[in-house]
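# Summary of structural features
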Amino acid sequence: MTDITFDKSRILFEKASKVIPGGVNSPVRYFQPYPFFVESANGSRLFTNDGNVLIDYCLGYGSVFLGHGNQQIGSEIKSQIDKGNLFCAPTEKETQLAEICSKIIPCAEMVRIMNTGAEATMHSIRLARAFTRKTKIIKFEGGYHGAFDYVLNKAGSGTAEQEYSDGILTESASKTITVPYNDIESLQSVIDNEQNHNDIACIIVEPVMANTGLILPEKDYLNSIRNLTKQNNIVLIFDEVVTGFRLALGGASEFLGIKPDIATFAKTLGNGYPISLIAGRREILLGLAPSGSVYQASTFAGNPISVTAALKTLEILIDEKNTIYPKVARTCDKLVEAVRNMVQDKNIDVIVNSIGSMFQLFFSDKIIRNYYSVKSSNTKLFMDMFRILLTKGVFIPPSPFETCFISTQHNEEDLEKTLDAYETALSKVKNY
Ligand SMILES: *Cc1c(COP(=O)(O)O)cnc(C)c1O
């Protein structure tokens, strides 16, 4: 197959850059020399303005679990549009969604619905501070929880090259302590440090790290965090924005059998429509206004379009969970195993991490277990591979500090084309 090119996208990007900073509305969408522009999407595929077809392993950073343009969700949305799209008064559907979530999410005694992942994690942290009457928070190096002040310290994803974003007060950043993932001694010593002792409100963690490449929790690690938080009156927040409804219907919490105090959800929840939620212990969630004094509010929260999307998404996931989760895991395993065989044949140092329907490849000869192991992998080679894959019609997220995702719509043909593309990419980068 000849390489595809993106000439129209270059022109569109130049135009965009004149009126949109950097030409994109979220920085992770940019890569050198310029991103491609998308006209439409269907199933596992993106259709670019250049007329190219790309097999999509980014999937809205994991959001589009059921594939692009799902017809069942689409037709529910169309009929909701006819009935109106924003009331700012309660609807029955919001209660239905909360009821369903409280059944399937292990920690969910109550649920508050919002719009974005960042909103959910931000208000979870505020809730935890109010509930414990403590001020500091702990997050993990390379953990991403959204683009707001409390959590941009060593935040992975698009900010992987920065300590923290400009414009954040050092007073604010100093209340956030970062520790290495998969290292319980470091966490214990931060909690025991007398400067912090009795002042840690919460620990926020992606139970499976998906924003600094893909990093799995080592045996007993999350259990140990659960025990430490219980012993020290610290609220444990699982940020399940990626893992929720994707690793299992009940997210990583169900998959790994650990119950946090609060969990946050977004991406897969709406299969690409903007919706998020906080689930958790009743006594903590009742802190939210108007039942409590922790202020959280949003005009668009619980809007009928997003809620309709989430209701239909969850209905499909509940009805078909016994086929969907094994199917995506099988597709992922097949792909990962084939790539591992490829690198063995070619004798290149590559590590592939995977779990469920998520995977990532690193150019490294050491196991990838934290932020620093990703940083010390060959990220330049990764970007070379990314660009070759793209010219072969395969789109993975444009950074080793991200994760690749499989949807229920990825089929055998996609897999074959993808493996051909990896074969070409890995053969080429081997000679660099
Ligand atoms: C994407 C992401 C967020 C932020 O969600 P937005 O909807 O982009 O605000 C938070 N946490 C994790 C783990 C994420 O991957």
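Just so it is clear, the structure is predicted and the values come from calculations on it, not from any experiment. Once a new chain begins, its residue numbering starts again from 1 and follows that chain's sequence as written. Reporting of local features is limited, given that this is a predicted model, to residues whose pLDDT is at least 70; pairs of side-chain atoms are given and counted only at 80 or more, and all residues count toward the totals for whole chains, interfaces and linings. Side-chain calculation: all heavy atoms of the structure are included, whereas hydrogens and water are not.

The next point concerns the side chain of His 123. Here His 123 lies in helix H4 (residues 117-132). The residues touching His 123, leaving out its near neighbours within four places in the chain, are Met 114, Ile 278, Tyr 295 and Gln 296. Helix and strand assignments follow DSSP, with helices taken as H or I runs no shorter than four residues and strands as E runs no shorter than two, numbered in order from the N terminus. By the convention used here, residues are in contact when the closest approach between their heavy atoms is within 4.5 Å.

Turning our eyes to something else, we now look at the nonpolar core. We define a nonpolar core as any set of buried Ala, Val, Leu, Ile, Met, Phe, Trp, Tyr and Cys residues linked to one another through side-chain atoms lying within 4.5 Å. For every residue, the accessible area (1.4 Å probe, protein chains only) is compared with the maximum for its type, and the residue is labelled buried under 20%, exposed over 50%, or partly exposed between those bounds. By size, the foremost hydrophobic cluster in this structure holds 59 residues, and its most contacted members are Ile 105 and Phe 140. Here this core takes eight residues from helix H10 (residues 304-319), the largest share from any one element. In this structure Phe 140 touches Lys 154, Val 179, Pro 180, Tyr 181, Leu 187, Ile 203, Ile 204, Val 205, Met 209, Tyr 221 and Ile 225, once residues within four positions along its chain are discounted. Val 350, Phe 363, Ala 425 and Val 429 belong to the second largest nonpolar core, which has 43 residues in total.

This part takes up the side chain of Asn 52. Tracing the backbone shows Asn 52 in the loop between strand E2 (45-48) and strand E3 (53-56). The class of Asn 52 is buried, set by a relative accessible area of 10%. When near neighbours in sequence (up to four residues on either side) are disregarded, Asn 52 contacts Ile 4, Thr 5, Phe 6, Leu 46 and Phe 47.

By definition, a salt bridge exists where a carboxyl oxygen of Asp or Glu is found within 4 Å of a side-chain nitrogen of Lys or Arg. Counted according to the given criterion, the structure contains 15 salt bridges. A salt bridge links Glu 412 to Lys 334, with the nearest nitrogen and oxygen atoms 2.6 Å apart. Remark: Lys 334 occurs in helix H11 (residues 321-346) and Glu 412 occurs in helix H14 (residues 412-430); sequence separation between them is 78 residues. We classify Lys 334 as partly exposed; its relative accessible area is 44%. Linked by salt bridges that have partners in common, Arg 45, Glu 413, Asp 414 and Lys 417 make up one network.

The next point concerns the site of the ligand. The ligand sits among Thr 116, Gly 117, Ala 118, Tyr 144, His 145, Gly 146, Glu 206, Asn 211, Asp 239, Val 241, Val 242 and Lys 267. Pairs of N or O atoms within 3.5 Å make up the polar contacts considered here, provided that, within protein, one atom can donate a hydrogen while the other can accept it, and that residues adjacent in sequence are counted only when both atoms are side-chain atoms. Separating an oxygen atom of the ligand from a backbone N or O atom of Gly 117 is a distance of 2.9 Å. In the model, an oxygen atom of the ligand is placed 2.6 Å from a nitrogen or oxygen of the Lys 267 side chain. Where accessible areas are quoted, they stem from the Shrake-Rupley method and a 1.4 Å probe; at the residue level, only the protein chains shown are allowed to cover. Burial of the ligand by the protein chains amounts to 81% of its free accessible area of 380 Å². Three classes are used: nonpolar for Ala, Val, Leu, Ile, Met, Phe, Trp, Tyr, Cys and Pro, charged for Asp, Glu, Lys and Arg, and polar for all others, with Gly counted as polar. Looking at side-chain class alone, the shell around the ligand contains four nonpolar, five polar and three charged residues. Only a single heavy atom is needed: when it lies within 4 Å of a molecule or strand, its residue is near that molecule or strand.

Note on pairing: DSSP must find at least two bridges between two strands before they are called paired. Across the sheet, which stays open at both edges, the four strands sit in the order E1-E2-E3-E13 with mixed pairing between neighbours. Each end of this open sheet is capped by a strand with a single partner; those strands are strand E1 (38-42) and strand E13 (394-395). As defined by bridge partners, E1 adjoins E2 across four bridges and the pair is classed as antiparallel. Along E2, the bridge assignment pairs Asn 42 with Arg 45.

Looking at the element boundaries, Thr 176 is found in strand E6 (residues 176-179). A residue is classified by how much of its surface remains accessible, and Thr 176, at 6% relative accessible area, is buried. Taking the C-alpha atoms as reference, Thr 176 lies 9.5 Å from Asp 149; in sequence the two are 27 residues apart. Among all residues touching Thr 176, those that are not within four sequence positions of it are Ile 137, Lys 139, Tyr 150 and Asn 153.

A separate point is the domain arrangement of the chain. Where each domain starts and ends comes from a domain assignment, either automatic or drawn from a database. Here the chain is partitioned into domain 1 (7-69 + 321-430) and domain 2 (71-319). Between the C-alpha centres of domain 1 and domain 2 there is a distance of 25 Å. Across the contact, 36 residues belong to domain 1 and 39 residues belong to domain 2. Here the buried area means the combined drop in accessible surface, using a 1.4 Å probe, for two parts upon being joined, counting both sides. Where domain 1 abuts domain 2, roughly 3,000 Å² becomes buried across the two surfaces, and 57% of that area is made up of carbon and sulfur atoms. Remark: the boundary between domain 1 and domain 2 carries one salt bridge. For the pair domain 1 and domain 2, the interface holds 16 residue pairs in polar contact (both at pLDDT 80 or more). When the residues that make up the side of domain 1 that touches domain 2 are grouped by side-chain class, the tally is 20 nonpolar, twelve polar and four charged.

Attention now moves to the packing of aromatic side chains. In this description, a pair of aromatic rings is defined by centroid distance and the angle of the planes. Centres within 6.5 Å make a pair out of two Phe, Tyr or Trp rings, where for Trp the six-membered ring is used; the pair is then stacked when the planes are under 30 degrees apart, edge-to-face when over 60, and tilted otherwise. By the definition in use, this model includes 14 aromatic pairs. Ring geometry for Phe 140 and Tyr 181: centres 5.8 Å apart, planes at 85 degrees, overall edge-to-face. Linking Phe 140 in strand E5 (residues 136-140) with Tyr 181 in the loop between E6 and helix H6 (184-192), this pair joins segments that are 41 residues apart in sequence. Given the relative accessible area of 1%, Phe 140 is considered buried. Tyr 181 sits in the buried class, given a relative accessible area of 0%. An aromatic cluster is present here, built from Phe 6, Phe 31, Phe 36, Phe 386 and Phe 395 joined pairwise through their rings.

For the rest of this paragraph, the subject is H14. Over its 19 residues, H14 runs 27 Å from end to end, which matches the ideal 27 Å to within 8%, given 1.5 Å per residue. Among the residues of H14, Asp 414, Leu 415, Thr 418, Leu 419, Ala 421, Tyr 422, Ala 425, Leu 426 and Val 429 are the ones counted as buried. One side of H14 carries all its buried residues, which in axial view fall inside an arc of 165 degrees. Exposed residues on H14 whose side chains face more than 90 degrees from its buried face are Glu 416 and Asp 420. As for H14, its buried residues are in contact with E2, E3, H11, strand E12 (358-362), helix H13 (379-391) and E13. Multiplying 1.5 Å by the helix residue count minus one yields the expected span of that helix. Picture the helix axis, draw a direction to every C-beta atom, and the arc is the one those directions span.

Right, let's talk about unusual backbone geometry for a bit. Of all residues except glycine, most have a negative phi; of all peptide bonds, most are trans. Along the chain, Gln 32 connects to Pro 33 via a cis peptide bond; the corresponding omega equals 0 degrees. Within the fold, Pro 33 resides in the loop between helix H1 (7-19) and E1. The residue after Ala 289, namely Pro 290, is reached through a cis peptide bond having omega 10 degrees. Locating Pro 290 in the fold gives a position in the loop between helix H9 (282-285) and H10. For Tyr 61, which is not glycine, the phi dihedral falls at a positive 50 degrees. In this structure, Tyr 61 sits in the loop between E3 and helix H2 (71-83).

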